[in-house]
Amino acid sequence: MKILYLGNDEYRNCLRYLIDNGHEIAAVYVNEVNSCSEFTMTLCAEHGITVLRHKPSKEELWIHYEDGVELFLSADYQYTIPLVSTQMLGVNIHPTLLPVGRGPTPLPFLLEAHDNFAGITLHRISPELDSGDIFLQQKLNVTQNDSLNSLKVKLCILAQDLLEQFLKNPQQYVDTAKPQGKGIYWSEPEASERTLNWSEQLSTIKTKLRRFGHFGIYTTIEEQPAIINCAELIEYKHNKPLGVVLYEDAFIVAVSVSTGFVVILKENICYMY
């Protein structure tokens, strides 16, 4: 099948699956931020696939269709995709059980109080974000041990499984697609939800680290504003002031919190000068 792929590194395993299984990739559209698509661009370079960084126009997508593209596949792509005809089969991979959880950043909500809507939905690309008819979806179980990072891995595995299933008989799923009806949109989390105060309770800090992982958490380290990623929370009784550096070497920093401390790899700290 000739496929136009629009996406970044989030579901790169799906792109690799398509390549490894002999599908023709007409081109790959990525978003401008290099950190979001670095591995996708490397994969394309290895296989001689054209990478495009601009937002495609209606006319451009129609040209791809006339050139034989049979499937427009979107996976973690940050632009709307203007398909001008229902003849153009467009499928988006979304990490919730739609119609609940529409929006660009649903994963932190799945780790807050909405884990029953975790899963993968393959749905038709539509003018309104995440609102197209549902082709296929499957629930994903989320445990208390899951973090943002482990959830991303599980969702990527499930996304590839459902894509494989869909591609065995695409017309079957097109013929049985179900309208979503009224949906629930989850807006991008506010900056305040991603801000860590070292005086907060251990449970609050744990929740923020779990929900936002490598998305980044705003805080201060020795009065210097910073964004931290993928920190480790340790329970340990001490009598040190909150928010002070308890330990530092060439690789890590440990900051005191109530009844414990947070360990951060220095490579996961971005100071905001």
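Below: a short report on this structure. (Residues numbered from 1 in each chain as written. Predicted model: local features only at pLDDT ≥ 70, side-chain atom pairs only at ≥ 80, totals over all residues. Heavy atoms only, no water.)

Brief notes about the overall build of the chain
Now for step 1: Of regular secondary structure, the chain possesses 7 helices and 16 strands.
Now for step 2: Projected onto the principal axes, the alpha-carbon positions of the chain cover approximately 70 × 40 × 30 Å.
Now for step 3: Looking at the 273 residues of the chain, the share that counts as buried comes to 46%.
Now for step 4: In the chain, of all internal contacts separated by at least 6 residues, the share reaching a separation of at least 24 is 58%. (Helix = DSSP H or I, 4+ residues; strand = E, 2+ residues; numbered from the N terminus. Buried < 20%, exposed > 50% of the residue type's maximum accessible area, 1.4 Å probe, protein only. Contact = heavy atoms within 4.5 Å.)

A few points about the sheet that holds strand 1 (residues 2-7)
Sheet strands associate in pairs through backbone hydrogen bonding, adopting either a parallel or an antiparallel arrangement.
Now for step 1: With mixed pairing, the 7 strands of this open sheet are ordered in space as 3-2-1-4-5-7-8. Each of the sheet's edge strands pairs with one partner strand only, and the pair in question is strand 3 (51-52) and strand 8 (134-139).
Now for step 2: Here strand 7 (residues 118-124) pairs with strand 8 via 5 bridges, running antiparallel. Note on strand 8: the bridge partner recorded for Ile120 is Gln138.
Now for step 3: Helix 1 (residues 12-20) contacts strand 1, strand 2 (24-29), strand 4 (71-75) and strand 5 (90-96) of the sheet and is inclined by roughly 165 degrees relative to strand 1.
Now for step 4: Most of the contacts of helix 5 (residues 148-168) go to strand 7, to which it runs at about 35 degrees, and overall it touches strand 4, strand 5, strand 7 and strand 8. (Pairing = 2+ DSSP bridges. Axes fitted to C-alpha atoms, helices over the stretch in contact; angles between N-to-C directions.)

Describing the pattern of salt bridges
Now for step 1: Inspection of every chain in the model, using the stated rule, returns 7 salt bridges.
Now for step 2: When the shortest N-O distance is used, the salt bridge between Glu24 and Lys2 registers 4.0 Å. Here Lys2 lies in strand 1 and Glu24 lies in strand 2, a separation of 22 residues in the sequence.
Now for step 3: Among the charged side chains, a network of salt bridges with common partners joins Glu112, Glu193 and Arg211. (Salt bridge = Lys/Arg side-chain N within 4 Å of Asp/Glu carboxyl O.)

A short note on the environment of Leu18
Now for step 1: As for its position among the elements, Leu18 is in helix 1.
Now for step 2: Of the residues examined, Leu18 reaches a relative accessible area of 0% and is grouped as buried.
Now for step 3: With residues up to four places along the chain from it excluded, the contact list for Leu18 reads Ile3, Tyr5, His23, Ile25, Leu73, Leu163 and Leu167.

Here's the deal with the sheet that holds strand 16 (residues 269-271)
Now for step 1: If you walk across this open sheet you meet the 3 strands as 10-11-16, and the pairing is antiparallel. Looking at the sheet topology across the chains shown, the edges are occupied by strand 10 (217-221) and strand 16. In this sheet, adjacent strand axes meet at a mean angle of 35 degrees when their direction is disregarded.
Now for step 2: The sheet contact formed by strand 11 (residues 224-228) and strand 16 spans 3 bridges and is antiparallel. Within strand 16, the residue paired with Ala226 across the bridge is Tyr271.

Describing the packing of aromatic side chains
Now for step 1: Counted under the stated rule, the structure contains 6 aromatic pairs.
Now for step 2: Here the aromatic rings of Phe135 and Phe166 are separated by 5.5 Å at their centres, their planes lie at 45 degrees, and the arrangement is tilted. You can see Phe135 sitting in strand 8 and its partner Phe166 sitting in helix 5, a full 31 residues away along the chain.
Now for step 3: Phe135 sits in the buried class, given a relative accessible area of 5%.
Now for step 4: Here the aromatic residues Phe135, Phe166 and Tyr173 are joined through ring pairs into a cluster of three or more.
Now for step 5: One cation-aromatic arrangement involves Arg211 over Phe109; the distance from NZ or CZ to the ring centre is 5.9 Å. (Phe/Tyr/Trp six-rings, centres within 6.5 Å; stacked < 30°, edge-to-face > 60°. Lys NZ or Arg CZ within 6 Å of the ring centre and 35° of its normal.)

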